[in-house]
Amino acid sequence: MNEFVVHSQLRWWVRSFLLVFKSSFRSFWIRKSFWFGIFVFSVCLLILFPFALGTEFIQKLPVQLGCFWAIMEFVAVVSLGQCFYFEYEAMMLDVFLTSPMPKSTLFIAKIAFLTVQIFSLSLFVFLFWSILFHVQAIHSVTNLVCFLLLTFLFSVSSASLGVVVHGLTSRSLAKEILHPILFFPFQTGVLLGVSSLSLSCLGFAPLSAVWGQATWWTLLFVYPTIFITLAFLLAPIFFEE
Amino acid sequence: MISCESISIQFGSEVVVENLSFSLQKGSSLALIGPNGCGKTSLLKILAGLARPSHGQVLYGTDTKNNHENPLQKNLSCLYLSALPAFFLDQSCLENLNLYLSCYNKTYHIDYARELFSKAGLSKKMNSPVRTLSTGQKRKLTLICAVLTLPDLLLADEPSLGLDKNGVTFCLEIFNKLKENNVSFIIASHDDVIVKWCSDVLPLGSFSSQTRNAVPKKLMAIL
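What you are looking at is a predicted structure, and each value in this text was computed from that prediction instead of being measured.

Caption draft 1: Layout of the overall build of chain A. Tallying secondary structure elements over chain A gives 9 helices and 0 strands in all. When the helices and strands of chain A are read in sequence order from the N terminus, they spell out α-α-α-α-α-α-α-α-α. Taken against the 2.2 N^0.38 rule, which gives 18 Å for 241 residues, the C-alpha radius of gyration of chain A at 19 Å falls within 12% of a compact globule. For the C-alpha atoms alone, the extent of chain A along its principal axes is close to 60 × 35 × 35 Å. Counting every position in chain A, which comprises 241 residues, the buried fraction comes to 48%. Put simply, 78% of the contacts in chain A that link residues at least 6 apart link residues at least 24 apart. Put simply, chain A shows about 11,400 Å² of open surface, and 75% of that area lies on carbon and sulfur atoms. Positive and negative side-chain charges of chain A, numbering 11 and 9 respectively, have mean locations separated by a distance of 9 Å.

Right under this line is the structure:
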């Protein structure tokens, strides 16, 4: 295969990726209420947690962090539940899958879009969380950068895992059972990683004494790498009936 | 261009299509007919690469030594028009048209698109959201997308569903334009006008015990 062919295929891949990303964003922009719905419910949870846990207990930093990641898990699960909603509603998934576009672009672009969606929500949830819970420790720049990096890694890991699981199970007759069975055990690793590292970032001992910071960081970087690679490799069999 | 070898479609214990073989040459048209539930849509989905048959295989390409199981591997562009028109409902007709063409890496001249919209009676709807279109108008829009996309193979499921008499005439006009460009067709339809337009007819379901191969239309009359 000569260089020109490789170059043109790569260009076509990038164009297809941008096409799916743009179309996802456009559909999402028209229905902005989806984003606001998730955001408003997250803020409601932020308000409700102090009532449920008690105002004294909620002032402890590990509890505050636990509340944040619990809400972020909710944000990720709801966002992933809608990942191909617009394509299903419009019946456009079959058009994308039968067109000459490389199938992998559909899933990689969806992972990218969902990462942006979850991360954008997390920024606002983070802002409200730090205000409503009076989180002082986060005011240092180093802590803030560390926290935002963890939020991004959480977003990209959840998005890649969610898209792979959705692609594998969506046309199965047992999708209602398969989806949570495959999603939550893997997602637990990400959740434990970000919780443990956010504790470490703020000067607390990590959740597991056996696993140091380096191991959790490795896990958080390896997760999206594995699932993005899987999305790329398994794309031809995704959504097959 | 496309050939099916001993295809069987099975849902649980129910065998819908059994040991079906046929081939389609470039530029020819094949109508899939048969009663509801005989496997027309399932067969189209298999041909489009959206589903796998229970047994057998579909081969794409003219060179028998270099056939592929996937239309994309053979650089064969295939457009699948489902029974329900596929469009992003909140986006305009032109935006949806652009999306279809971008998926197929094609461009079009806006004047030609305007002419087609005018013929379809959709001139005033070009910039309206697809949500405001009736079922028949959406169907006409899929046909406009098909003619501008100009695929190698068009797989259409009930392409005249929801169309009035003028709509069916418009549909045939589009099909003729595609045929002039050597596009191959496989159409699942209950509409006699569409079936008559096709050069070959493949009966499924109760007819399939009579023959497993594509039969000439004249023979269909006897069946």
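Caption draft 2: Region of interest: the packing of aromatic side chains. All names here are of chain A. The tally for this structure, following the rule as stated, stands at 35 aromatic pairs over all chains. Summarising the aromatic geometry, the rings of F39 and F124 are spaced 5.8 Å apart at their centres and angled 75 degrees between planes, so their arrangement reads as edge-to-face. Of this pair, F39 sits in helix 2 (residues 32-53) while F124 sits in helix 6 (residues 103-132), and the two are 85 residues apart along the sequence. Taking relative accessible area as the criterion, F39 reaches 12% and is therefore assigned buried.

Caption draft 3: How the structure looks around unusual backbone geometry. Residue and element names in this part refer to chain B. Even without a glycine there, the phi angle at N19 is positive, about 50 degrees. Tracing the backbone shows N19 in strand 2 (residues 14-24). According to the relative accessible area criterion, N19 is partly exposed, its value standing at 44%.

Caption draft 4: Representation of the nonpolar core in the model. Grouped together as the largest cluster of nonpolar side chains are 153 residues, with contacts concentrated most on W129 of chain A together with F175 and I186 of chain B. The greatest single-element share of this core, amounting to 12 residues, is contributed by helix 6 of chain A. In this structure, F175 of chain B is in contact with L143, L154, P159, F185, I187, I194 and W197 of chain B, ignoring residues within four places of it in sequence.

Caption draft 5: Main features of helix 6 of chain A. A rise of 1.5 Å per residue sets the reference length of helix 6 of chain A, with its 30 residues, at 44 Å; its end C-alpha atoms lie 44 Å apart and thus fit the reference within 8%. Downstream of helix 6 of chain A by a residue or two, H134 of chain A has a phi angle that is positive, lying close to 50 degrees.

Caption draft 6: Expanded view of the packing of helix 1 (residues 3-30) of chain A against helix 2 (residues 93-103) of chain B. Helix 2 of chain B packs onto helix 1 of chain A with a crossing angle of 155 degrees between their chain directions and a minimal axis gap of 10 Å. With respect to their mutual orientation, helix 1 of chain A and helix 2 of chain B come out roughly antiparallel. The chirality of how helix 1 of chain A crosses helix 2 of chain B is left-handed. Packed against helix 1 of chain A, whose contacting residues are W12, L19, S23 and R26 of chain A, the element helix 2 of chain B presents E95, L99, S102 and C103 of chain B at the interface.

Caption draft 7: Structural detail: the interface of chain B and chain A. With 26 residues of chain B in contact, the opposing surface of chain A contributes 28 residues. Between chain B and chain A the total buried area reaches about 2,500 Å² when both faces are included, carbon and sulfur atoms providing 61% of it. For the interface between chain B and chain A, the tally reads 2 salt bridges. The partner of R26 of chain A in a salt bridge is E95 of chain B, and the shortest N-O contact between them spans 2.1 Å. Taken together, the links from chain B to chain A amount to 4 residue pairs in polar contact (both at pLDDT 80 or more). Contributing elements (two or more residues each) for the side of chain B that touches chain A: helix 1 (40-48), strand 5 (78-81) and helix 2 of chain B.

Caption draft 8: Structural detail: the pattern of salt bridges. Using the criterion set out here, one finds 9 salt bridges over all chains in the structure. Between K26 of chain B and D152 of chain B there is a salt bridge, with the nearest N and O atoms lying 3.8 Å from each other. Separated by 126 residues along the polypeptide, K26 of chain B in the loop between strand 2 and strand 3 (29-33) and D152 of chain B in the loop between helix 4 (135-149) and strand 6 (153-157) bring together distant segments of the chain. When salt bridges with common partners are traced through the structure, they connect R31 and E89 of chain A together with D90 and R131 of chain B into a single cluster.

Caption draft 9: Highlighting the state of the cysteines. Under the criterion given, the structure shown has 1 disulfide over all chains. Across a sulfur-sulfur distance of 1.9 Å, C146 of chain A and C201 of chain A are joined as a disulfide pair. Residue C146 of chain A is located in helix 7 (residues 141-169), and its partner C201 of chain A is located in helix 8 (residues 175-201); the two are separated by 55 residues in the primary sequence. For C44 of chain A, which is in no disulfide, the shortest distance to another cysteine sulfur is to C67 of chain A and amounts to 15 Å. Overall, the relative accessible area of 36% leaves C44 of chain A in the partly exposed class. Counting only cysteine sulfurs, C4 of chain B is the nearest neighbor of C38 of chain B, a cysteine outside any disulfide, at a range of 14 Å.

Caption draft 10: Quick look at a nonpolar patch on the surface. All names here are of chain A. A cluster of nonpolar side chains, namely I47, L48, F51, L127, F128, I131 and L132, defines an oily patch on the protein surface of about 690 Å² accessible area. Listed by contribution, the elements that provide at least two residues to the nonpolar patch are helix 2 and helix 6. Examining the composition of the nonpolar patch, we find that 4 residues originate from one element, helix 6, more than from any other. Along the chain, I47 falls in helix 2.

Conventions and cut-offs
Residues numbered from 1 in each chain as written. Chains lettered and ligands numbered in written order. Predicted model: local features only at pLDDT ≥ 70, side-chain atom pairs only at ≥ 80, totals over all residues. Heavy atoms only, no water. Helix = DSSP H or I, 4+ residues; strand = E, 2+ residues; numbered from the N terminus. Rg over C-alpha atoms; globule rule 2.2 N^0.38 Å. Buried < 20%, exposed > 50% of the residue type's maximum accessible area, 1.4 Å probe, protein only. Contact = heavy atoms within 4.5 Å. Areas by Shrake-Rupley, 256 points an atom, 1.4 Å probe, with all protein chains shown as cover. Lys, Arg positive; Asp, Glu negative; His and termini not counted. Charge placed at Lys NZ, Arg CZ, Asp CG, Glu CD. Phe/Tyr/Trp six-rings, centres within 6.5 Å; stacked < 30°, edge-to-face > 60°. Core = buried A, V, L, I, M, F, W, Y, C linked by side-chain atoms within 4.5 Å. Expected span 1.5 Å × (residues − 1). Axes fitted to C-alpha atoms, helices over the stretch in contact; angles between N-to-C directions. Parallel < 35°, antiparallel > 145°, perpendicular 65-115°, else oblique. Left-handed = near helix turned anticlockwise from the far one by under 90°. Buried area = accessible area lost by both parts, 1.4 Å probe. Salt bridge = Lys/Arg side-chain N within 4 Å of Asp/Glu carboxyl O. Polar contact = N/O pair within 3.5 Å; in protein donor to acceptor, adjacent residues only side chain to side chain. Disulfide = S-S within 2.5 Å. Patch = residues over 30% accessible without salt bridge, like charges linked within 9 Å, V, L, I, M, F, W, Y side chains within 5 Å.

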